[in-house]
Amino acid sequence: MRDSTEQLMTAAQAAADRSPRERKRPVVRVLIALVSLAAVFVIGAAPSGQAVSPTTKHFITNLHGSTAPAALGFDVFDTGASTVASLPNGVSGVVWLGQKCPTVADAAFRATVDQLASSPKVFGYYLSDEPHVSDCPGGAAALRSRADYIRSRTAGSQKSFIVLSRTTDYSAFSPANSHVDLVGLDPYPCSNASPTCPVRKITDKVVAALDAGIPLSAIVPVFQAFGQERLSGGYYRLPTAAQMSAMQAEWHRLVPSPVMDYAYGWGNQSSSNPTLVDSADLQKVFATHNGVVTR
């Protein structure tokens, strides 16, 4: 559903992302430290291999018809409007109604939401994957029309969801501007350039999101469960089990009780190969993280 190659940024772009808000970030880092301390005393910070909050939903994409991830504790699948009814028992769906550059809710969009508004199998709607304000200046207003319609038809029981990749887009597409309920952040720490998978990349994205006005309660951690080792010129690397555990622990430290987290992804794509389906070790890490007892 996404093009993973978009994550590659130049050093100049990264510096540009950091500099305008630098003086605000010490305050944000203090807030993160306080949240992390609260996690230790209130719900317990999860070390490697420990399950997260039992209220967190676990979303996975690119299933290609497979239901195997349900056995690993994934309880939200990506789906289309026509396949909601066929979701396994105990699994709800995030319905893909997305656009790279969102447009205002039209009759077709409203009809689809109307059809699904009362379905207990629908957790929410995936409205946009990595939009960029630079080439989609009207995107936030369009998302407002879509998110507001979902909220009005479902009384807030079904959620609106987007994923953002560039920190320069965080403010423009924050919930205050786009009215979406949930915002996925997708720092992908593991690459040829960063073979140790530094979790600092996760920290920096969360700090930037809070600084840009994305509430902690709206943040959806996106776990890198893919690489590009099997692709010509591939940049990203599939994490090892230990690296995934470290990334999950850092996400938990920063966002202790998200409404939902997101593993990208299960099956292979033209831009992601290998993926979670290819690694039994990673599957065990996710099963433990998702609260499934493994042997």
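What counts and how
Residues numbered from 1 in each chain as written. Predicted model: local features only at pLDDT ≥ 70, side-chain atom pairs only at ≥ 80, totals over all residues. Heavy atoms only, no water. Phe/Tyr/Trp six-rings, centres within 6.5 Å; stacked < 30°, edge-to-face > 60°. Helix = DSSP H or I, 4+ residues; strand = E, 2+ residues; numbered from the N terminus. Buried < 20%, exposed > 50% of the residue type's maximum accessible area, 1.4 Å probe, protein only. Expected span 1.5 Å × (residues − 1). Contact = heavy atoms within 4.5 Å. Disulfide = S-S within 2.5 Å. Salt bridge = Lys/Arg side-chain N within 4 Å of Asp/Glu carboxyl O. Polar contact = N/O pair within 3.5 Å; in protein donor to acceptor, adjacent residues only side chain to side chain.

A few points about the packing of aromatic side chains
Next up, step 1: What the rule picks out here adds up to 15 aromatic pairs.
Next up, step 2: Each ring, one from Phe59 and one from Tyr126, has its centre 6.3 Å from the other, and the planes form 65 degrees; the classification is edge-to-face. Residue Phe59 is found in strand 1 (residues 57–60), and its partner Tyr126 is found in strand 4 (residues 122–129); the two are separated by 67 residues along the sequence.
Next up, step 3: Overall, the relative accessible area of 0% leaves Phe59 in the buried class.
Next up, step 4: Measuring from ring centre to ring centre gives 6.4 Å for Tyr188 and Tyr264, while their planes differ by 25 degrees; the resulting arrangement is stacked. Of this pair, Tyr188 sits in the loop between strand 6 (182–185) and helix 6 (200–211) while Tyr264 sits in strand 8 (residues 260–264), placing them 76 residues apart in sequence. Accessibility assignment for this pair places Tyr188 and Tyr264 in one class, buried.
Next up, step 5: In this structure an aromatic cluster arises from ring pairing among Phe59, Trp96, Tyr126, Phe161 and Tyr262.

Observations regarding helix 4 (residues 139–154)
Next up, step 1: The terminal C-alpha atoms of helix 4 lie 22 Å apart, and with 16 residues this matches the ideal 22 Å at 1.5 Å per residue to within 8%.
Next up, step 2: Looking at helix 4, one finds that the buried residues are Gly139, Ala140, Ala142, Leu143, Arg146, Ala147, Tyr149, Ile150 and Thr154.
Next up, step 3: Where helix 4 is buried, its residues touch helix 3 (107–116), strand 4, strand 5 (159–164) and helix 5 (175–178).
Next up, step 4: After helix 4 finishes, the residue Ala155 shows a positive phi value of roughly 55 degrees.

Focus on the state of the cysteines
Next up, step 1: Scanning all chains against the criterion turns up two disulfides.
Next up, step 2: Here Cys101 is linked by a disulfide to Cys136, with a sulfur-sulfur distance of 2.0 Å. Looking along the S-S bond of the Cys101-Cys136 disulfide, the torsion reads about 85 degrees, which is the right-handed sense. Highlighted residues: Cys101 in the loop between strand 3 (92–96) and helix 3 and Cys136 in the loop between strand 4 and helix 4, separated in sequence by 35 residues.
Next up, step 3: Disulfide pairing places Cys190 opposite Cys197 at an S-S distance of 2.0 Å. Here the S-S torsion is close to 125 degrees, and the disulfide linking Cys190 with Cys197 is therefore right-handed.
Next up, step 4: Of the residues examined, Cys190 reaches a relative accessible area of 0% and is grouped as buried.
Next up, step 5: You can call Cys197 buried: its relative accessible area is 5%.

Thoughts on the pattern of salt bridges
Pairing between side chains becomes possible if they bear opposite charge and their charged atoms approach one another.
Next up, step 1: Using the criterion set out here, one finds six salt bridges in the structure.
Next up, step 2: Between Asp204 and Arg200 there is a salt bridge, with its nearest N and O atoms 3.2 Å apart. Residue Asp204 and its partner Arg200 are located together in helix 6, separated by four residues, close to a single helical turn.
Next up, step 3: The salt bridge involving Arg230 is made with Asp278; its shortest N-O contact spans 3.4 Å. In this pair, Arg230 sits in the loop between strand 7 (219–224) and helix 7 (241–254) while Asp278 sits in the loop between strand 8 and helix 8 (280–289), placing the two residues 48 residues apart along the sequence.
Next up, step 4: Taken together, the salt bridges that share partners define one network made up of Asp148, Arg151 and Asp181.

A few points about the side chain of Ser178
Next up, step 1: Inspection of the secondary structure assignment puts Ser178 in helix 5.
Next up, step 2: For Ser178, a relative accessible area of 0% translates into the label buried.
Next up, step 3: In terms of polar contacts, Ser178 uses its side chain to reach the backbone carbonyl oxygen of Phe173, at 3.0 Å.
Next up, step 4: Not counting the four nearest positions on each side in its chain, Ser178 is found in contact with Ala140, Leu143, Arg144, Ala147 and Phe173.

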